[in-house]
Amino acid sequence: MTATPTATDTIWIDVPDGRLAAEDLGPRDGAPILLVHSAIVNRRAWDGVVPHLTGAGYRVLTYDLRGYGDSLAQEVDYAAHEDLIAVLDHFGVSQAAVVGNSMGAVFAMDAVLAAPARFAAYVWVAGGIGGFDKEPTGAELALFDAEEAAEEAGDANLAAELDTRIWVDGWKDGENLPSTRVDPTVRAAIREWDVELVSPTHVYAKRQRPERPAIERLEEIAIPTLVVIGELDTVGTRAAGELVAERVPGARVVRLPDVAHIIGMEAPDRLVALILEHLAPLPRWG
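To keep things clear, this report deals only with the structure shown in the data block. (Residues numbered from 1 in each chain as written. Predicted model: local features only at pLDDT ≥ 70, side-chain atom pairs only at ≥ 80, totals over all residues. Heavy atoms only, no water.)

Moving on, we come to the packing of aromatic side chains. For the structure on display, the rule yields 3 aromatic pairs. Between the aromatic rings of Y58 and W285, the centroid separation amounts to 6.0 Å while the plane-to-plane angle is 25°, which identifies the pairing as stacked. One end of the pair, Y58, is in the loop between α1 (50-55) and β4 (59-63); the other, W285, is in the segment after α9 (268-279), and 227 residues separate them in sequence. On the numbers, 5.7 Å between centres and 75° between planes, the contact of F144 with W167 is edge-to-face. Placement of F144 in helix α4 (residues 138-152) and of W167 in helix α5 (residues 156-169) is noted, with a sequence separation of 23 residues between them. The exposure class of F144 is partly exposed, given its relative accessible area of 24%. The class of W167 is buried, set by a relative accessible area of 17%. (Phe/Tyr/Trp six-rings, centres within 6.5 Å; stacked < 30°, edge-to-face > 60°. Helix = DSSP H or I, 4+ residues; strand = E, 2+ residues; numbered from the N terminus. Buried < 20%, exposed > 50% of the residue type's maximum accessible area, 1.4 Å probe, protein only.)

Put into structure tokens, the structure is as follows:
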């Protein structure tokens with residue numbers, strides 16, 4: 001099963017100096033789950049996940065980060081985790097489970113640390129950690145450098161293709177895997193979204209990081225935490241996942257041997273199964 005873009009109704013949430021495009025899906029009396037997307041996609045990346053969560057009785061909230069998808073941004077400082085909490089406030093949700101992929105996992109972690117009572121569970125999916133950075137080497141470093149150069153040169157098509165090679169095609173034994181490894185529809189959708197995101201005219205807000213980075217506070221995360229690592233992901237992402245699994249009390253880690261970074265599109269059925277298994281034992285929240 002793979003995920004492709006679909007159209008749904010958009011709900012607008014006004015935040016200081018920005019406007020977020022969001023969706024409220026599934027039964028309104030279901031326990032709420034908030035999904036936070038990666039930096040090379042938008043909320044449509046969850047389209048293969050959402051129907052299975054709502055079908056299991058959960059209320060699912062998704063939104064586009066500032067400057068992504070349909071959301072609007074200005075070049076001002078903002079705290080990304082505060083936007084995440086603003087989404088919960090808008091929908092009247094006192095507590096949610098949160099699932100974050102890549103940069104979305106970073107923002108979700110910052111929100112969990114800033115407002116722990118607002119979250120019942122956390123699912124870290126191929127993400128990062130605020131304040132932690134493991135430098136790539138070899139072929140990975142070469143692709144990262146080439147992508148940065150393409151962006152600086154204003155070549156959005158090349159930059160998006162290189163991003164797709166890094167984050168979608170995947171890695172094994174230090175070598176970039178072929179583009180034919182993943183469903184071509186999934187690859188094309190991610191690349192198309194990223195072309196817009198790396199355009200030299202694209203406007204992003206300026207993220208204001210927490211005073212104390214998450215890397216110094218992992219032991220403070222006290223809610224049930226699931227760590228999902230794609231073993232074909234970049235070395236830095238895999239290292240971050242292992243660190244979260246090691247330092248967050250009681251965290252459970254699952255390593256998927258044949259997927260890379262955008263797990264919700266590449267393997268939505270397996271990700272859904274893991275999320276449902278993680279949440280099933282918990283008492284009702286919302």
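Bringing unusual backbone geometry into the picture now. Notably, S102 is not glycine yet its phi reads approximately 60°, a positive angle. Along the chain, S102 falls in the loop between β7 (96-101) and α3 (103-114). A relative accessible area of 12% means that S102 is categorised as buried. In the Ramachandran plot, A126 falls in the positive-phi region, its phi being about 45° despite a non-glycine side chain. For A126, the position within the fold is in the loop between β8 (119-125) and α4.

Time to look at the side chain of D64. Its location among the elements puts D64 in the loop between β4 and β5 (72-73). Owing to a relative accessible area of 1%, D64 belongs among the buried residues under this scheme.

Right, let's talk about α5 for a bit. The terminal C-alpha atoms of α5, which comprises 14 residues, lie 18 Å apart, in line with the 20 Å expected from a rise of 1.5 Å per residue. The element α5 is extensively covered by neighbouring structure, given that 10 of its 14 residues are classed as buried. Every buried residue of α5 is listed here: A156, A159, A160, L162, D163, T164, I166, W167, V168 and D169. Along its buried surface, α5 packs onto α4, β9 (171-172), β10 (175-176), α6 (184-197), α7 (235-247) and α8 (263-266). (Expected span 1.5 Å × (residues − 1). Contact = heavy atoms within 4.5 Å.)

To continue, consider the pairing of β7. Counting buried residues along β7, 6 of its 6 residues qualify, which places the element largely inside the surrounding structure. Here β7 shows two buried faces, one formed by A96, V98 and G100 and the other by A97, V99 and N101. The pairing of strand β3 (residues 32-36) with β7 spans 4 bridges and is parallel. Each residue of the ladder has a partner; that of L35, found in β7, is V99. Across 6 bridges, the pairing between β7 and β8 is parallel. Within β8, the residue paired with A97 across the bridge is A121. (Pairing = 2+ DSSP bridges.)

Core analysis: the biggest nonpolar cluster contains 49 residues, and L34, Y63, M109, F119, Y122, W124 and I129 have the highest contact counts within it. In terms of residue count, α3 provides more of this core than any other element does, 8 residues in total. Sequence-distant contacts of Y63, that is, excluding residues within four places in its chain, are made with L20, A21, A22, L34, L35, V36, H37, R43, L84 and V87. Core analysis: the next-biggest nonpolar cluster, separate from the first, contains 29 residues, V99, V123, V272 and I275 among them. (Core = buried A, V, L, I, M, F, W, Y, C linked by side-chain atoms within 4.5 Å.)

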